[in-house]
Amino acid sequence: MKVVVVGTGYVGLACVGFVTMGHEVVGVDVDAGKIERLNHGELPIHEPGLAELVIDGMREGKLRFTTNLPEALTGADVCFVCVGTPSLPDGSVDLQYIEAAVASVRAAKEPQTVVVIKSTVPVGTCNRFGVVSNPEFLAEGRAVQDFLHPDRVVIGTTDPLAKEVMLAVYASLDCPKLVMAPASAELTKYAANGFLATKISFINEISAIAEKVGADIRDVAQAIGADPRIGPHFLRAGIGYGGSCFPKDTEALMKIADLNAVDFAMLKAAKVANDRARERFVQKVIATTGAQAKLAVWGLAFKAQTDDVRKSAAIDVIELLLARGASITVYDPMATENAKKVLGERVRYASTALEATTEADALLVLTEWPEFKNLIPASGAGIGFPHHIFDGRNLFADMHLAEKGYAYVGVGLGQTV
Ligand code: UGA
């Protein structure tokens, strides 16, 4: 089949995976510079396996990128709209890019082309535009893997012909394909992200209790996660969720609830708990080092394996500490350039993790990059490395740092055995 993808962000680029499902793919974007770079095999984002997919697809003549939408749509069976849906100041979704993209596709498409929105859009959008809903559930850092091996494919349409085309597009995937009304598909996406965000906030609140009562949150999480009704995933306590999805989508879901006169108290509480997880961590640091301390920060990305700092908990924690007068040197293996756009000259940037710790009163670990584990000197009594380590991700929790002479503080580690 011929598949056109409009928008070359995370979701649009992951759609390159349609090539491996046997389809021809044309990626379209209004940004000519980006299209030019993509046609030279240069990717605007870091995603494991994506560059290989793009380069192989182009070499085999099954993938190309263009700014010319009408030309791309010639003979297309299906067109996926994957443009951005940023938040407006009131938390609602800005649909201007969707509106523009759908209008351009409508004007240029052939009668048989099925138009699909893959971007996360408010409930009712796909019905309003008369298009199919097909939300994407991939997570950053594993976009290719998630796209090619999804837990389920959700297809929102009441049109039998569109349903047939959509099932044909995904025919090679071995997972449930759930066909439902467009509103159900759209709500599924928000419900999934809202639920996962709530799950994280739940474990973070339990972690606050664990610290007080002398429990180890990792043991509690493992034990409750063994119950299949709860499940083991998304129970890692830390400094709260961030990224381009959970904060934005929980806001949007609260807005949808408000508009429909539903008081979604639980989701509001999840957001409050998320802010509190950051603040609690900051308080722990300040209680030891004082507000004006010299701090080393390892990790800026909103999670490991990405250079994305959007709504990163690490950036939020740094902002809170800066506001109280801390002096901070940061290091991240991948996200420094993006962080510079947010933090500017308010922090110092180290070119290695160990350089960041020089003369610091304490080390703060804010993103769970696994390589950080190899950088802690064997003895906390040595010179040139901070004695105090505050671990916002429990990355070092199993390294027995207290026994090695460090003052180690994780999240929810009341008593470890
Ligand atoms: C999330 C969802 O996981 C995807 O299914 C969804 O498609 C995507 O949003 C989206 O809507 O586009 P993503 O934002 O890439 O994906 O990252 P996650 O791996 O879900 O992590 C989100 C945040 O939660 C990160 O800040 C992470 O550190 C935090 N987190 C995650 C925890 O604090 N604890 C956990 O146990 C898991």
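Residues numbered from 1 in each chain as written. Predicted model: local features only at pLDDT ≥ 70, side-chain atom pairs only at ≥ 80, totals over all residues. Heavy atoms only, no water.

Chemist: Lay out the overall build of the protein chain with the relevant residues and their values.
Modeler: Check the secondary structure of the protein chain and you find 15 helices and 14 strands. Radius of gyration (C-alpha) of the protein chain: 23 Å, near the 22 Å computed for a compact globule of 417 residues. Contacts in the protein chain between residues at least 24 apart in sequence constitute 71% of all its contacts with a sequence separation of at least 6. When the accessible surface of the protein chain is summed, it comes to about 18,500 Å², and 56% of that surface belongs to carbon and sulfur atoms. (Helix = DSSP H or I, 4+ residues; strand = E, 2+ residues; numbered from the N terminus. Rg over C-alpha atoms; globule rule 2.2 N^0.38 Å. Contact = heavy atoms within 4.5 Å. Areas by Shrake-Rupley, 256 points an atom, 1.4 Å probe, with all protein chains shown as cover.)

Chemist: Summarise the environment of Met-254; cite the residues concerned and give the values.
Modeler: You can see Met-254 is positioned in helix H11 (residues 246–259). Measuring from C-alpha to C-alpha, the distance between Met-254 and Ala-296 comes to 36 Å, with 42 residues separating the pair along the chain. Setting aside residues no more than four positions away along its own chain, Met-254 makes contact with Leu-267, Lys-268 and Lys-271.

Chemist: Provide a residue-level description of the nonpolar core, including the pertinent values.
Modeler: Nonpolar side chains tend toward joint burial in soluble globular proteins. Trp-298, Ile-318, Leu-321, Ile-328, Leu-364, Ile-376 and Phe-396 are the most contacted members of the largest nonpolar core, which totals 59 residues. Setting aside residues up to four positions removed in sequence, Leu-321 forms contacts with Val-282, Val-285, Ile-286, Leu-295, Ala-326, Ile-328 and Leu-364. (Core = buried A, V, L, I, M, F, W, Y, C linked by side-chain atoms within 4.5 Å. Buried < 20%, exposed > 50% of the residue type's maximum accessible area, 1.4 Å probe, protein only.)

Chemist: Could you give an account of the pairing of strand S13 (residues 388–391), with specific residues and numbers?
Modeler: With four bridges connecting them, strand S12 (residues 362–365) and S13 associate as parallel partners. Note that in S13 the partner of Val-365 across the bridge is Asp-391. Pairing analysis gives three bridges linking S13 to strand S14 (residues 407–409), with the strands arranged parallel. Looking across to S14, one finds that Ile-389 is bridged to Tyr-408. (Pairing = 2+ DSSP bridges.)

Chemist: Residues and numbers for helix H9 (residues 182–213), please.
Modeler: Taking 1.5 Å per residue, 32 residues should reach 46 Å; H9 reaches 47 Å between its end C-alpha atoms and fits that length. Positive phi appears at Gly-214, one or two residues downstream of H9, with a value of about 80°. (Expected span 1.5 Å × (residues − 1).)

Chemist: Please give an account of the site of the ligand that cites residues and values.
Modeler: Near the ligand there are 19 residues, and of these Leu-138, Glu-140, Lys-189, Asn-193 and Cys-245 occur at the shortest range. In the model, an oxygen atom of the ligand is placed 2.7 Å from a nitrogen or oxygen of the Lys-189 side chain. Contact between the ligand and Leu-235: an oxygen atom at 3.3 Å from a main-chain N or O atom of the residue. Within the complex, the protein chains bury 92% of what would otherwise be the 720 Å² of accessible surface of the ligand. Secondary structure elements with two or more residues in the shell around the ligand: H9 and H11. Top contributing element to the shell around the ligand by residue count: H9, with three residues. Tallied by class, residues from the shell around the ligand come to 10 nonpolar, two polar and seven charged. (Near = heavy atom within 4 Å. Polar contact = N/O pair within 3.5 Å; in protein donor to acceptor, adjacent residues only side chain to side chain. Nonpolar A, V, L, I, M, F, W, Y, C, P; charged D, E, K, R; others polar.)

Chemist: Give a description of the side chain of Lys-118 that names residues and reports values.
Modeler: Mapped onto the elements, Lys-118 comes out in the loop between strand S5 (114–117) and helix H6 (125–129). Of note is the side chain of Lys-118, whose polar atom sits 3.1 Å from the side chain of Asn-134. Within the structure, Lys-118 has its side chain in polar contact with the side chain of Glu-136 (distance 2.9 Å). Ignoring any residue separated from it by four or fewer positions in sequence, one finds Lys-118 in contact with Val-11, Cys-15, Phe-80, Val-81, Cys-82, Asn-134, Pro-135, Glu-136, Phe-147 and Tyr-170.

Chemist: Run through the sheet that holds S14, naming residues and quoting values.
Modeler: The sheet built from six strands is open, its strands ordered S11-S10-S9-S12-S13-S14 with parallel pairing. With one partner strand each, in any of the chains shown, strand S11 (348–349) and S14 form the two edges of the open sheet. Set on the sheet, helix H12 (residues 265–289) makes contact with strand S9 (294–298), S12, S13 and S14; between it and S13 the angle comes to about 175°. (Axes fitted to C-alpha atoms, helices over the stretch in contact; angles between N-to-C directions.)

Chemist: So what's going on with unusual backbone geometry? Residues and values would help.
Modeler: A negative phi angle is the norm for most residues apart from glycine, just as the trans form is the norm for most peptide bonds. A positive phi angle, close to 60°, is found at Phe-234, a residue other than glycine. By the secondary structure assignment, Phe-234 is in the loop between helix H10 (217–225) and H11. For Lys-311, which is not glycine, the phi torsion reads 50° and is therefore positive. Relative to the helices and strands, Lys-311 resides in the loop between S9 and helix H13 (313–323). For Lys-311, a relative accessible area of 56% corresponds to the exposed category.

Chemist: Go over the side chain of Thr-113, please, and point to the residues and values.
Modeler: Within the element layout of this structure, Thr-113 appears in the loop between helix H5 (96–108) and S5. With a relative accessible area of 4%, Thr-113 lands in the buried category. Here the side chain of Thr-113 touches Ala-76 through a polar contact of 2.9 Å, landing on its backbone oxygen. With residues up to four places along the chain from it excluded, the contact list for Thr-113 reads Leu-73, Ala-76, Asp-77, Val-78 and Cys-79.

Chemist: Please give an account of the pattern of salt bridges that cites residues and values.
Modeler: Throughout the structure, instances matching the rule amount to 25 salt bridges. We note a salt bridge from Asp-316 to Arg-278, for which the minimum N-O separation is 2.9 Å. Separated by 38 residues along the polypeptide, Asp-316 in helix H13 and Arg-278 in helix H12 bring together distant segments of the chain. Accessibility expressed as a relative area gives 4% for Arg-278, which makes it buried. Each of Glu-140, Asp-308 and Arg-310 takes part in a single network of salt bridges with overlapping partners. (Salt bridge = Lys/Arg side-chain N within 4 Å of Asp/Glu carboxyl O.)

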